[in-house]
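Below, each chain spelled out in residue letters.
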Amino acid sequence: MSNTQIWEKVDHYITERLIPQDPILDQVLSANQAAGLPAYDVTPNQGKFLNLLVHLHGSKRILEIGTLGGYSTIWLARALPADGKLVTLELDPLHAQVARANLSLASVDGCIELRVGDALEQLAQMKEEGVEPFDFIFIDADKPNNPHYLKWALHFSHPGTVIIGDNVIREGEVINENTQDPRVKGVREFYDLLADEARITATAIQTVGSKGYDGFVIGLVKG
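Everything in this summary refers to the structure shown in the same document. (Residues numbered from 1 in each chain as written. Predicted model: local features only at pLDDT ≥ 70, side-chain atom pairs only at ≥ 80, totals over all residues. Heavy atoms only, no water.)

**As for the pairing of strand 2 (residues 85-90)**
Burial within strand 2 is extensive, with five of its six residues counted as buried. Examined bridge by bridge, strand 1 (residues 61-65) and strand 2 share five bridges and lie parallel to one another. From the neighbouring strand, R61 faces strand 2, where its bridge partner is K85. You can see the chain leave strand 1, run along helix 4 (residues 71-77) and come back into strand 2, and the turn it takes is right-handed. Sheet analysis places strand 2 next to strand 3 (residues 112-116), joined by five bridges and oriented parallel. Bridging across to strand 3, T88 finds its partner in L114. This β-α-β element, strand 2 to helix 5 (residues 93-105) to strand 3, shows right-handed connectivity. (Buried < 20%, exposed > 50% of the residue type's maximum accessible area, 1.4 Å probe, protein only. Helix = DSSP H or I, 4+ residues; strand = E, 2+ residues; numbered from the N terminus. Pairing = 2+ DSSP bridges. Right-handed = clockwise from strand over helix to strand, strands pointing away.)

Here it is, written out as structure tokens:
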């Protein structure tokens, strides 16, 4: 049995044992597939991980950069208190259309603002609007722009804000300093900014599973 097959079986085991079957989330993934969205969603155990982090942190305001079909959005939103709010940014109008239907299906649309358009433009517009800082920020969009997203995440943070970045190992390519892949370059610059930025303390965790070999960065904004 290959490593990939083992990783997939372990993911299935974890999900089967620790994450109750959820027909709504199953329908969300099916809707994403039917609409032809890329299979970039977090896995169920990763979604539950994000959900638990929000619960543990007691976050009331979440910013998500990269909605796709709203699968991770739902996991995050379900951890919010009754007065919580989540702002999520999506470039592709089709993805946003699918996400809106999924968020409505999951009955979390009431606490979510889905903004459609280029994320960097949306973030600049949010600054102009005087949008308040967030308690929890999840970065899971186009990797070449990760450094820019981190700068904006810090702008919309306060002491104690948690910042999560997804897909930061890239099958180990992150250590390839000669890479020409713009996604890997973006992630490497993301690490450089984290290393040099005095306002945040961070670490990264490598992961394996049904989505292959990758990982998360988790950072805490300091006072």
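**A look at the sheet that holds strand 2**
Pairing is mixed across the open sheet formed by seven strands, whose spatial order is 3-2-1-4-5-7-6. The open sheet is flanked by strand 3 and strand 6 (200-209), the only strands paired with a single partner. Recorded for the sheet is a direction-independent mean angle of 15° between the axes of neighbouring strands. (Axes fitted to C-alpha atoms, helices over the stretch in contact; angles between N-to-C directions.)

**Thoughts on the packing of aromatic side chains**
Scanning all chains against the criterion turns up three aromatic pairs. Each ring, one from F49 and one from F216, has its centre 5.7 Å from the other, and the planes form 45°; the classification is tilted. With F49 in helix 3 (residues 44-57) and F216 in strand 7 (residues 212-221), this pair connects stretches of sequence that are 167 residues apart. Look at F49 and you get partly exposed, because its relative accessible area is 38%. Its relative accessible area of 7% is what places F216 among the buried residues. Look at F134 and F156: their rings are 6.1 Å apart centre to centre, the planes differ by 70°, and that puts the pair in the edge-to-face class. Pair noted here: F134 is in the loop between helix 6 (119-129) and strand 4 (136-139) and F156 is in the loop between helix 7 (146-155) and strand 5 (162-166), with a separation of 22 residues, a long-range link. (Phe/Tyr/Trp six-rings, centres within 6.5 Å; stacked < 30°, edge-to-face > 60°.)

**Topic: the pattern of salt bridges**
For the coordinates displayed, the defined rule picks out eight salt bridges. For K60, the salt bridge is made with D83, and the minimal N-O distance between the two is 3.5 Å. Here the residue K60 occupies a position in the loop between helix 3 and strand 1, and D83 occupies one in the loop between helix 4 and strand 2, the gap between them amounting to 23 residues. Using a relative accessible area of 42% as the deciding quantity, one classes K60 as partly exposed. For the salt bridge of E129 with R115, the shortest nitrogen-to-oxygen distance reads 3.0 Å. With E129 in helix 6 and R115 in strand 3, this residue pair connects regions lying 14 residues apart in the sequence. With a relative accessible area of 11%, R115 lands in the buried category. Where salt bridges share partners, they join K85, E113, R115 and E129 into one cluster. (Salt bridge = Lys/Arg side-chain N within 4 Å of Asp/Glu carboxyl O.)

**Concerning the packing of helix 1 (residues 3-18) against helix 3**
One way to put it is that helix 1 packs onto helix 3 with a least axis distance of 9 Å and a crossing angle of 55°. Comparing the axis directions of helix 1 and helix 3 gives the class oblique. When helix 1 is examined against helix 3, the residues D11, I14, T15 and L18 are found in contact with a partner set consisting of P44, N45 and K48. Of the residues contributing to the contact of helix 1 with helix 3, the split by class is three nonpolar, two polar and two charged. (Parallel < 35°, antiparallel > 145°, perpendicular 65-115°, else oblique. Contact = heavy atoms within 4.5 Å. Nonpolar A, V, L, I, M, F, W, Y, C, P; charged D, E, K, R; others polar.)

**Observations concerning helix 6**
Buried within helix 6 we find A119, Q122, L123 and M126. Angularly, the buried residues of helix 6 cover 100° about the axis, an arc narrow enough to put them on a single face. Facing away from the buried side of helix 6 by over 90 degrees, the exposed positions are E121 and E128. Where the residues of helix 6 are buried, they touch strand 1, strand 2, strand 3 and helix 7. A distance of 3.0 Å separates the backbone nitrogen of L120 from a side-chain oxygen at the start of helix 6, and that oxygen is part of D118. (Arc of directions from axis to C-beta. Polar contact = N/O pair within 3.5 Å; in protein donor to acceptor, adjacent residues only side chain to side chain.)

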